[in-house]
Amino acid sequence: MPLLELRDVEAGYGGIRALDGVSLSVEEGDFVAILGANGAGKSTMLRAICGMVRTRGDVLLDGTKIFHRTPEGMARKGVTHVPEGRGTFTTLTVLDNLRVGSWVQRGTSTRDLARVFELFPSLYERRNVRAAMLSGGEQQMLALGRALMARPRLLLVDEPSLGLAPLVLREIFAVLRRMNESGTAIVVVEQTAQLALAAARHAFVLERGRVVLGGDAAGLRLDEPVRRTYLGY
């Protein structure tokens, strides 16, 4: 039974349909990359899973349809969303941002903090610094760390590469792989297809709101249309 399943999901904004019958599944402990051009519906798909946009069709968690979804409700079920732009609380310190992330668990765990600081040592060094003073890479680390404080079974990450230098982005993906190896399933929307396909086990390509390709990530790296359109060779 998949951890997450989408069946014929539609979503849009006003009269514009951003998702048009999307069906896919994510297994427990999987690492899935979602690829596609700007406007393909990638970010909308993550928002639809969390109930941030109106949808038609079914979203199932552990084989059970989830009705009346909200981000808070999905977080309680173990699904955490890291949005594009990071969404950190810039007036709060690093430590307080992380404490906010643990609200689902009704209390900050020393063990959870230790795990975040092990993954992101620079956050420990800057734990008493306001988030507004962090670099873009550190803010992305903080967003991931805050999500991790909720002990998610499934982590949805939207465009982690936005505004980051290549070296920092490779570090972010290395941490995502470590999170995944510890048991957290990950779905990442990413424009840097080379890194995303190298990190993921499975991948889907969206085009105009529809899934047009899907399968093993290593296989998609060898697919000629994928190589030509997203990898540049």
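Report on the accompanying structure. (Residues numbered from 1 in each chain as written. Predicted model: local features only at pLDDT ≥ 70, side-chain atom pairs only at ≥ 80, totals over all residues. Heavy atoms only, no water.)

### Considering the overall build of the chain
Helix and strand counts for the chain stand at ten helices and ten strands. Rg of the C-alpha trace for the chain: 17 Å, near the compact-globule value of 17 Å for 233 residues, within the 12% margin. Over its C-alpha atoms, taken along the principal directions, the chain stretches across nearly 45 × 45 × 35 Å. The contacts in the chain between residues at least 6 apart in sequence include a share of 68% that link residues at least 24 apart. Of the roughly 11000 Å² of accessible surface on the chain, a fraction of 49% belongs to carbon and sulfur atoms. Side-chain charges in the chain split into 30 positive and 25 negative, and the spacing between the mean points of these groups amounts to 4 Å. (Helix = DSSP H or I, 4+ residues; strand = E, 2+ residues; numbered from the N terminus. Rg over C-alpha atoms; globule rule 2.2 N^0.38 Å. Contact = heavy atoms within 4.5 Å. Areas by Shrake-Rupley, 256 points an atom, 1.4 Å probe, with all protein chains shown as cover. Lys, Arg positive; Asp, Glu negative; His and termini not counted. Charge placed at Lys NZ, Arg CZ, Asp CG, Glu CD.)

### So, the pattern of salt bridges
Per the stated rule, a full pass over the model turns up twelve salt bridges. Where E118 meets R178, a salt bridge forms, and the shortest distance between an N and an O atom there is 3.7 Å. One end of the pair, E118, is in helix α4 (residues 110-119); the other, R178, is in helix α7 (residues 166-181), and 60 residues separate them in sequence. Look at R178 and you get partly exposed, because its relative accessible area is 39%. The structure contains a network of salt bridges with shared partners spanning E10, R17, D20 and R210. (Salt bridge = Lys/Arg side-chain N within 4 Å of Asp/Glu carboxyl O. Buried < 20%, exposed > 50% of the residue type's maximum accessible area, 1.4 Å probe, protein only.)

### A few points about the sheet that holds strand β9 (residues 202-207)
Strand order in this open sheet of six strands is β6-β7-β8-β3-β9-β10, and the pairing throughout is mixed. This sheet does not close on itself; its edge strands, each paired only once, are β6 (79-82) and β10 (210-216). Adjacent strand axes in the sheet meet at a mean angle of 15°, parallel and antiparallel pairs treated alike. Of the pairings in the sheet, the one linking strand β3 (residues 31-35) to strand β8 (residues 185-189) comprises four bridges and is parallel in character. In the strand pairing of β8, V32 is matched with V187. In the packing of α7 onto the sheet, contacts are made with β3, β7 (154-158) and β8, and the angle to β8 comes to roughly 150°. (Pairing = 2+ DSSP bridges. Axes fitted to C-alpha atoms, helices over the stretch in contact; angles between N-to-C directions.)

### Examining the sheet that holds strand β2 (residues 16-26)
With antiparallel pairing, the four strands of this open sheet are ordered in space as β2-β1-β4-β5. Looking at strand neighbours, the two that pair on one side only are β2 and β5 (64-65), the edges of this open sheet. Against the sheet, helix α1 (residues 42-49) engages β1 (4-13), β2 and β4 (55-61), with an angle of about 115° to β1.

### What about a nonpolar patch on the surface?
A cluster of nonpolar side chains, F89, V100 and W103, forms an exposed patch at the surface whose accessible area comes to about 260 Å². As for its placement among the helices and strands, F89 is situated in the loop between β6 and α3 (94-101). Classification of F89 as partly exposed rests on a relative accessible area of 39%. (Patch = residues over 30% accessible without salt bridge, like charges linked within 9 Å, V, L, I, M, F, W, Y side chains within 5 Å.)

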